[in-house]
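Given next are the chains, with one letter for each unit.
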Amino acid sequence: MLKQEQNDLLSHSGPDTPMGRLFRSYWLPALLAEELPANDCPPVRVKLLSERLLAFRDSEGRLGLIDEFCAHRGVSLWFGRNEECGLRCPYHGWKFDVTGQCIEIPSEPEQSTFPSRVKLTSYPLVERGGVLWTYMGPPEQQPPLPEWEFATVPASHSFMSKRFQECNWLQALEGGIDSSHVSWLHRGDINTDPLFRGSRGNQYNLSDLRPVFEVVESAGGLYIGARRNTEDGRYYWRITQWVMPSFTMIPPRGNHSVHGHFWIPIDDENCWTWSFDYHPTRPLTEAEVAAMRGGRGIHAKVLSDGSFRPVANKDNDYLMDREAQRAGTTYSGVHGFAMQDQSLQESMGPIIDRTKETLVATDSGIIMCRQRLLRAAKALVDEGIVPPGVDLAHQRVRSAAVVLPKDQPYKDGAREALMAQPGVAPASV
Amino acid sequence: MLSESARMSSAAEARFRLPAPATVARTITISALDPAADDVVARLAEGRWTRARFFPSSAVAARAPRVLDEIAGADLAVMVATAGADASAAAAIGAVCSDRRVHTATFVVRAAAVSDAVLSRTLGQVRPWSLMVVIANDDTYVEDMLRSFRT
């Protein structure tokens, strides 16, 4: 459980909140690159950290993320005309460039300098690894561009999707840290999903429903190790990475691609679930990409209206299938890993009341995660200390699945496996 | 018309959740496994707790039946160890907890200077008897953990 004030602090990420300041220390995924596919394409509304913004790509390919509303009378610039290196408000013709600088006010005299003194709030927007990233913090503290491994491999090696999730970011993240739910909620899919099936690790997973957990502080966040016994007296370890504030990486299975998530607050009651898959040493196959696009693995099939809302959503009871639940083909009755998680996390309500929960020892990863976030936010606000996860070294990580001797710390035995190594296959079982 | 899931997960419906948390009468014991861990446990014992009992390493090392019986009578046995110290007392607690089907969790406090090899020795002693292990550099996380359990 948390005290109410702790729960509020962790859940609220708007401007000038402690968690808001923490999130504004990082480059955050804002859009898929394909959402702004061409110069002068339609602008896209973006809400992040409770700020309403507008993204656009100008006539010369420059990317901008600016205040959604015109400085003049507050019209949404989503209605704007993206033309000749700027976005023009259709109401009175005010025009803004990708930095938010007003470059034209038609009602002003021709040589007026007034436009140069009008500027909308704007944030940098850069493309990397098929994702458009933004940094919403103080410009003088802008960190180097992110170096998550999925964003640095060739484009053919990776796949990224995003989906709209209707709950606070933290309860979604906590699902990513909670390794103990996998053998229950996802048990019906581990051996059948095309992006998971066929690995020896799956058998360890399904034959031991009470893994032993080991949570270890890492420089950027936590390692969450789940161990199971092997047939030869060693331990099978699955080691999840959590890097602040909201990056998780799930241990791989067999020669499947590795995958993970970011959970980014849209506002306090909604978040983006970003899901990536990549393989460091080979391109993804057509079948793999087709499965990912089709909502298999950790991805979800989303509506085609640009909302990125999953096809199975709360409005249709997540297409609950009681027959499949009874038959055990899906444990919860909801199909697919992604929506199995999302349906339960949304059922908690927009922001779960953590003063009432009853945590047990296997929730230690979640407890440590919350405490690390609380401490990092306090250190940032009180002392200006840069939080973990900003340092690029903290981002060059991998999850791993390994078999080790019983007395070996996995942080030691899997030291190299837990670091991103260009051209080296992930450690997997 | 809204689906049941849409209606029931709204902020408006959250107002009708029962105001009281579930009743949890969980007893937790916190035992130091070595002299350095005694400082952590003694400091914790000064706090306000409703259902927690604290044991110094000397009490555990003596393996007094009364102490072990009390530890194994709890719902959760938390052990605190210092990386590099002798944690063999974990076996005494682990054995009685295993017999009585009591969950065990061990918190290993690791100073930054402690090597993996040294940590490995301690882990070798606590792992067979711990269903949950947390390794952290800062011993104040132990209190956070206990507060999170509504101890």
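Being a predicted model, the structure only gives us computed values, none of them experimental. Residues take numbers from 1 onward in each chain, read along the sequence in its written order. Each chain takes a letter, starting from A, and each ligand takes a number, starting from 1, following the order in which they are written. Residue-level local features of this predicted model are given only where pLDDT is at least 70; pairs of side-chain atoms are given and counted only at 80 or more, and the full residue set underlies all totals for whole chains, interfaces and linings. Only hydrogens and water are set aside when side-chain values are computed; all heavy atoms of the structure are taken into account.

## A word on the overall build of chain B
Logical step 1: Runs of H or I in DSSP of at least four residues are treated as helices and runs of E of at least two as strands, each being numbered from the N terminus. Scanning chain B from terminus to terminus reveals eight helices and five strands.
Logical step 2: Going from N to C terminus, chain B has its helices and strands arranged as α-α-β-α-β-α-α-β-α-β-α-β-α.
Logical step 3: Projecting the C-alpha coordinates of chain B onto the three principal axes gives extents of approximately 65 × 35 × 30 Å.
Logical step 4: Partly exposed describes any residue whose relative accessible area lies between the buried limit of under 20% and the exposed limit of over 50%, with all areas from a 1.4 Å probe on protein chains only and scaled to the type maximum. Taking all 151 residues of chain B together, 47% fall into the buried category.
Logical step 5: We call two residues in contact whenever any of their non-hydrogen atoms come within 4.5 Å of each other. Once local pairs closer than 6 in sequence are excluded, the contacts in chain B between residues at least 24 apart make up 81%.

## Section: the overall build of chain A
Logical step 1: Each helix and strand in chain A was counted, giving twelve helices and 19 strands.
Logical step 2: Over its C-alpha atoms chain A spans a radius of gyration of 23 Å, differing by no more than 12% from the 22 Å that the globule rule assigns to 429 residues.
Logical step 3: In terms of overall dimensions, chain A has a C-alpha envelope of 85 × 45 × 45 Å along the principal axes.
Logical step 4: Contacts in chain A between residues at least 24 apart in sequence constitute 61% of all its contacts with a sequence separation of at least 6.
Logical step 5: Across chain A, the 45 positively charged side chains and the 53 negatively charged ones have centroids separated by 3 Å. As a reference, a globule follows 2.2 Å times the number of residues to the power 0.38, and the radius of gyration itself is taken over C-alpha atoms. Here the positive residues are Lys and Arg and the negative ones are Asp and Glu; neither His nor the chain ends is included. To locate a charge, the coordinates of NZ of Lys, CZ of Arg, CG of Asp or CD of Glu are taken.

## Details of the packing of helix α10 (residues 364-383) of chain A against helix α8 (residues 140-148) of chain B
Logical step 1: Contact geometry of α10(A) with α8(B) gives a least axis separation of 10 Å together with a crossing angle of 120°. Viewed along their axes, α10(A) and α8(B) adopt a mutual orientation that is oblique. You can see that α10(A) and α8(B) cross each other, and the crossing is right-handed. Of the residues in α8(B), those in contact with S364(A), I367(A), M368(A), Q371(A), R372(A) and R375(A) of α10(A) are T140(B), Y141(B), D144(B), M145(B) and S148(B).
Logical step 2: Under the scheme applied here, ten amino acids are nonpolar (Ala, Val, Leu, Ile, Met, Phe, Trp, Tyr, Cys and Pro), four are charged (Asp, Glu, Lys and Arg), and all others, including Gly, are polar. Counted by class, the contact of α10(A) with α8(B) contains four nonpolar, four polar and three charged residues. Here an angle of 0 to 180 degrees is reported between the N-to-C directions of two axes, which are lines fitted to C-alpha atoms, with helices fitted over the stretch in contact. Here the word oblique covers every angle except those under 35 degrees (roughly parallel), over 145 (roughly antiparallel) and from 65 to 115 (roughly perpendicular). Crossing chirality is assigned from the near helix's rotation relative to the far helix, an anticlockwise turn below a right angle marking it left-handed and a clockwise turn marking it right-handed.

## Things to note about the sheet that holds strand β11 (residues 131-135) of chain A
All names here are of chain A.
Logical step 1: Pairing between two strands requires that DSSP report at least two bridges joining them. Taken in spatial order, the three strands make up an open sheet running β1-β11-β10, and their pairing is antiparallel. Here the strands that pair on one side only, and so sit at the sheet edges, are β1 (27-32) and β10 (125-128). Pairwise comparison of adjacent strand axes, ignoring direction, gives a mean angle of 40° for this sheet.
Logical step 2: The sheet contact formed by β10 and β11 spans four bridges and is antiparallel. Counterpart to E127 in the pairing with β11 is L132.

## As for α10(A)
Logical step 1: Expected helix span is computed as 1.5 Å times (number of residues minus one). An ideal rise of 1.5 Å per residue puts 28 Å on 20 residues; α10(A) measures up with 27 Å between its terminal C-alpha atoms.
Logical step 2: Phi for G384(A), located one or two positions after α10(A), is positive at around 70°.

## Some details on the sheet that holds strand β9 (residues 122-123) of chain A
Residues and elements named next belong to chain A.
Logical step 1: Read from one edge of the open sheet, four strands run β2-β3-β4-β9, paired in antiparallel fashion. The sheet is open, and its two edges are formed by β2 (44-48) and β9, each paired on a single side.
Logical step 2: Strand direction decides the pairing type here: strand β3 (residues 51-57) and strand β4 (residues 63-67), joined by five bridges, are antiparallel. Across the sheet, L54 pairs through a bridge with I66, a residue of β4.

## Description of a nonpolar patch on the surface
All names here are of chain A.
Logical step 1: Two distance rules govern patches: like charges are joined within 9 Å, and nonpolar side chains (Val, Leu, Ile, Met, Phe, Trp, Tyr) within 5 Å, applied only to residues with over 30% relative accessible area and no salt bridge. Note on areas: these come from Shrake-Rupley sampling with a 1.4 Å probe, and a residue is covered only by the protein chains present in the view. Salt bridge criterion: a side-chain nitrogen from Lys or Arg within 4 Å of a carboxyl oxygen from Asp or Glu. Where nonpolar side chains cluster on the molecular surface, the patch consists of L303, V311 and L319 and spans about 210 Å² of accessible area.
Logical step 2: With respect to the helices, strands and loops of the structure, L319 is situated in the loop between α7 (286-293) and α8 (322-327).
Logical step 3: Using a relative accessible area of 47% as the deciding quantity, one classes L319 as partly exposed.

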